[in-house]
Amino acid sequence: MSHAPALKTALKRGALIAAANWPLVVVQFIAESTLKLILGVPVVGGILLVLRLLDANVEGILRGDLREILAAVFSALRANPAALTSFALAFLVVLLGGSLLTFVVKGGTVAVLVEADDHAGAIERPPLRIAMLRRANRTGIDPFLAGCRRLGWRYVKLGLGLLVAYAVTAAAYFGLLFGGYALADNVGVLLWWTVIAAAASSAVIVWITVVNFLYLVTQIVMAVDDVGLRAALLTVVRFLRSSVREIAGIFGVVLLLVLLATAASVLATGALSLIGFVPIVAVAVMPLQIAAWLVRGIVFQYLALTALGAYLAQYRHYLDGTRLAPQQDKRPA
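What you see is a predicted model; the values in this text were computed from it and never measured.

Rules and cut-offs
Positions within a chain are numbered from 1, following the residues in the order the chain's sequence is written. Totals for whole chains, interfaces and linings use all residues, but because this is a predicted model, local features are given only for residues with pLDDT of at least 70 and pairs of side-chain atoms are given and counted only at 80 or more. In computing side-chain properties, one takes all heavy atoms of the structure into account and sets aside hydrogens as well as water. A pair of aromatic rings is counted whenever rings of Phe, Tyr or Trp (Trp by its six-membered ring) have centres within 6.5 Å, and the orientation is called stacked for planes under 30 degrees apart, edge-to-face for over 60 and tilted otherwise. Only DSSP runs of H or I covering at least 4 residues are called helices, and only runs of E covering at least 2 are called strands; the numbering of each starts at the N terminus. For every residue, the accessible area (1.4 Å probe, protein chains only) is compared with the maximum for its type, and the residue is labelled buried under 20%, exposed over 50%, or partly exposed between those bounds. We define a polar contact as two N or O atoms separated by no more than 3.5 Å, with the added condition that, inside protein, one atom must be a possible hydrogen donor and the other a possible acceptor, whereas residues neighbouring each other in sequence contribute only through side-chain atom pairs. Contacts are assigned to residue pairs that have any heavy atoms within 4.5 Å of one another. By nonpolar core is meant a set of buried Ala, Val, Leu, Ile, Met, Phe, Trp, Tyr and Cys residues that side-chain atoms within 4.5 Å join together.

J.: Explain the packing of aromatic side chains to me, please; I cannot follow it from the model alone.
T.: The geometry of two aromatic rings is summed up by the distance between their centres and the angle between their planes. Within this structure, the stated rule accounts for five aromatic pairs. When the centroid spacing of 5.2 Å and the interplanar angle of 80° are considered together, the rings of Phe239 and Tyr315 count as edge-to-face. Here Tyr315 lies in helix H11 (residues 279-329) and Phe239 lies in helix H9 (residues 229-242), a separation of 76 residues in the sequence. Judged by relative accessible area, which is 1%, Tyr315 ranks as buried. Ring geometry for Phe239 versus Tyr318: centroids 5.5 Å apart, planes at 55°, classification tilted. Linking Phe239 in helix H9 with Tyr318 in helix H11, this pair joins segments that are 79 residues apart in sequence. Here Tyr318 falls in the buried class, since its relative accessible area comes to 13%. What links up through ring pairs into an aromatic cluster is the set Phe213, Phe251 and Tyr311.

Structure, rendered in structure tokens:
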């Protein structure tokens with residue numbers, strides 16, 4: 001009976017396979033950055049609508065990050081239903097179009113990583129040689145496009161389900177917030193509602209993290225078993241039942257790394273913003289901010305592909321166990 005790979009072994013294998021196929025990290029970064037960039041198009045259109053139709057304050061609208069700007073535009077557009085409807089439709093169209101692109105690109109990425117895992121051998125065992133990394137490198141235009149064609153439509157359906165889960169969660173969360181504002185006149189109710197709102201915010205963060213985790217594992221099952229969404233979800237449930245401790249370990253370590261990277265990013269951004277107010281220094285700070293944004297995006301994508309490779313190693317072990325089980329049952333007593 002084979003033992004499940006240790007936590008360190010699975011993470012090391014995932015990290016090495018992701019490093020061997022480093023162009024996929026760049027591809028994922030470009031795809032997600034493109035989605036964020038094109039989401040700014042309807043936001044700019046909304047700002048123009050606000051400025052031309054509602055004569056809003058420019059400094060008040062453009063203050064803060066993208067989420068704060070989006071909230072300010074939405075608040076200003078509520079006074080004009082036609083403008084608000086146009087802005088919402090434009091944002092929805094761009095969101096769906098950009099998301100479809102990222103879903104298809106993810107299909108090519110996961111397909112290439114699965115093929116790399118097939119040819120990597122025992123890359124996690126020392127000593128590590130350049131030849132082993134080259135053997136694990138399966139990145140190429142033809143394999144990537146083949147993976148997009150093979151998994152693209154299935155990943156689109158899975159991704160649309162993810163967007164629906166996001167939408168339902170956001171509707172429930174904001175419904176709770178707006179409902180609490182209606183009861184703000186009662187001090188006792190307001191106190192309890194503040195506690196409930198804080199608990200709901202924490203629950204939403206945990207729920208979104210779990211949904212993203214299930215989304216990632218389902219992608220792996222689809223790519224390895226070449227099955228549809230329903231069969232993949234059933235397999236994911238069985239996989240989680242049999243390997244819950246190993247999966248929880250990978251999940252916890254990757255989550256800790258993401259939190260540390262996020263904290264380092266926030267500290268770096270805050271440090272740069274403190275000196276960015278000086279007119280002469282601001283010119284030199286801008287390239288540093290761009291470099292920090294690139295490094296942050298690359299690091300987060302590398303961590304995501306490392307987690308994918310680690311989960312893939314655990315799922316391979318699960319498949320080997322399910323294949324060995326029937327053979328053991330057939331042995332004579």
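Now that the structure has been shown, the text picks up again.
J.: For this particular structure, what's the right way to read the side chain of Thr218?
T.: By the element assignment, Thr218 lies in helix H8 (residues 187-225). Among the polar contacts listed, one links the side chain of Thr218 to the backbone oxygen of Leu214, at a separation of 2.6 Å. Those residues in contact with Thr218 that sit more than four places away from it in its chain are Leu158, Leu229, Ala232, Leu233 and Val236.

J.: What exactly am I supposed to notice about the environment of Ala197 here?
T.: Among the structural elements, Ala197 can be located in helix H8. With 21 residues separating them along the chain, Ala197 and Leu176 place their C-alpha atoms 7.5 Å apart.

J.: I keep staring at the nonpolar core and nothing clicks. Help me out?
T.: Across soluble globular proteins, nonpolar side chains have a tendency to be buried as a group. The biggest cluster of nonpolar side chains holds 54 residues, and the ones touching the most others in it are Ile123, Ile220, Val224, Ile250, Tyr311 and Tyr315. Top contributing element to this core by residue count: H8, with ten residues. Leave out the neighbours within four places in its chain, and Tyr311 touches Phe213, Leu216, Ile220, Phe239, Ile247, Ile250 and Phe251.

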